[in-house]
Amino acid sequence: MDTTYTIKTSRLILRALNENDYDIWKEAHLTMLAPKNKWDVANSQFTNFSKSDFKKILRVNSLNRKNESFIDYAIIDKKTKKYIGRVSLMNCIRSVTQSSFIGYVLFNNYWGHGFAAEAMNGLFQLAFKKHKLHRVVAGIEPENLRSIKFAKKLGMRKEGVSKRVVLLRGQWRDLVQFALTSDDLNIKWKGQITQRRT
Ligand SMILES: CC(C)(COP(=O)(O)OP(=O)(O)OC[C@H]1O[C@@H](n2cnc3c(N)ncnc32)[C@H](O)[C@@H]1OP(=O)(O)O)[C@@H](O)C(=O)NCCC(=O)NCCS
């Protein structure tokens, strides 16, 4: 099932990108500043910003949403209507786990205004109420201090370090795991345990 929802926070809208978003998508990539650190990768996968590239991304996004491998929410600034970043649910595991990883990236010209925290609080609502997950996990490289500070600010719990868990920039790297469950936000989990295939 290809499902995304829309949520409005005080300054932002979270929703899936659609065909009408080509101009704001292109502008966001072309106006971001030079990368501020090695995780500042909003731009890196693109070579040019053609309409056909954009359509391809929308197709891939749709496929990834169907199998819940990557459910991407665009962050739109309500006032300016600009596309300022994205937050995502990644690798949803259903069955008796009902968990997913989360991702967040803001175009760097919008850092430092509290937009990312506001968007993540919206994503938690979507994750627990609409996608009916019970737990979300952020896996953060130990040197990504800005992101670690951010996860703590979001109220996420540090659970430990997974060793050599992800292949990034050519090396198997450790991730510090930060987690949150619906109970932490006093949201009653209303999902269903899906059958495991035997
Ligand atoms: C991690 C990332 C999303 C954080 O973005 P950010 O803009 O720094 O985060 P916030 O939304 O929390 O905003 C931070 C600052 O905005 C300031 N701010 C300004 N106006 C504000 C407002 N109206 N409300 C709240 N905060 C406000 C705050 O002082 C806050 O700093 P503080 O936490 O020290 O008090 C961003 O740095 C990023 O995209 N990094 C690259 C990608 C990345 O590392 N992703 C994670 C991989 S694991």
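Just so you know, these numbers come straight off a predicted model, no measurement behind them. (Residues numbered from 1 in each chain as written. Predicted model: local features only at pLDDT ≥ 70, side-chain atom pairs only at ≥ 80, totals over all residues.)

Trainee: Mind showing me how you'd approach the pairing of strand S7 (residues 157-168) here?
Mentor: Put simply, side chains in a regular strand alternate between the two faces of the sheet. Burial of S7 is sparse: only zero of the 12 residues sit out of reach of the surface. Across eight bridges, S7 lies against strand S8 (residues 171-181) in antiparallel orientation. The partner of Leu167 across the bridge, within S8, is Trp172. Counting the residues between successive antiparallel strands, the hairpin from S7 to S8 contains two residues, one of them, Arg169, with a positive phi of roughly 50°. (Buried ≥ 20, exposed ≤ 12 C-beta atoms within 10 Å, placed from the backbone. Helix = DSSP H or I, 4+ residues; strand = E, 2+ residues; numbered from the N terminus. Pairing = 2+ DSSP bridges.)

Trainee: Got a minute to help me understand the environment of Phe54 in this structure?
Mentor: Examined against the element boundaries, Phe54 turns out to sit in helix H2 (residues 51-66). For the pair Phe54 and Asn18, spaced 36 residues apart in sequence, the C-alpha separation works out to 9.5 Å. If we skip the residues at most four places from it in the chain, Phe54 touches Tyr22 and Trp25. (Contact = placed C-beta atoms within 7 Å.)

Trainee: I would appreciate a short explanation of the pairing of strand S4 (residues 83-93) in the present structure.
Mentor: Bridge count between strand S3 (residues 70-77) and S4: seven bridges; the pairing is antiparallel. Counted as the bridge partner of Ile75 is Gly85 from S4. As defined by bridge partners, S4 adjoins strand S5 (residues 99-106) across seven bridges and the pair is classed as antiparallel. Bridged to Gly85 within S5 is Leu106. Hairpin connection, S4 to S5: the antiparallel pair is bridged by five residues, and Ser95 has positive phi, about 50°.

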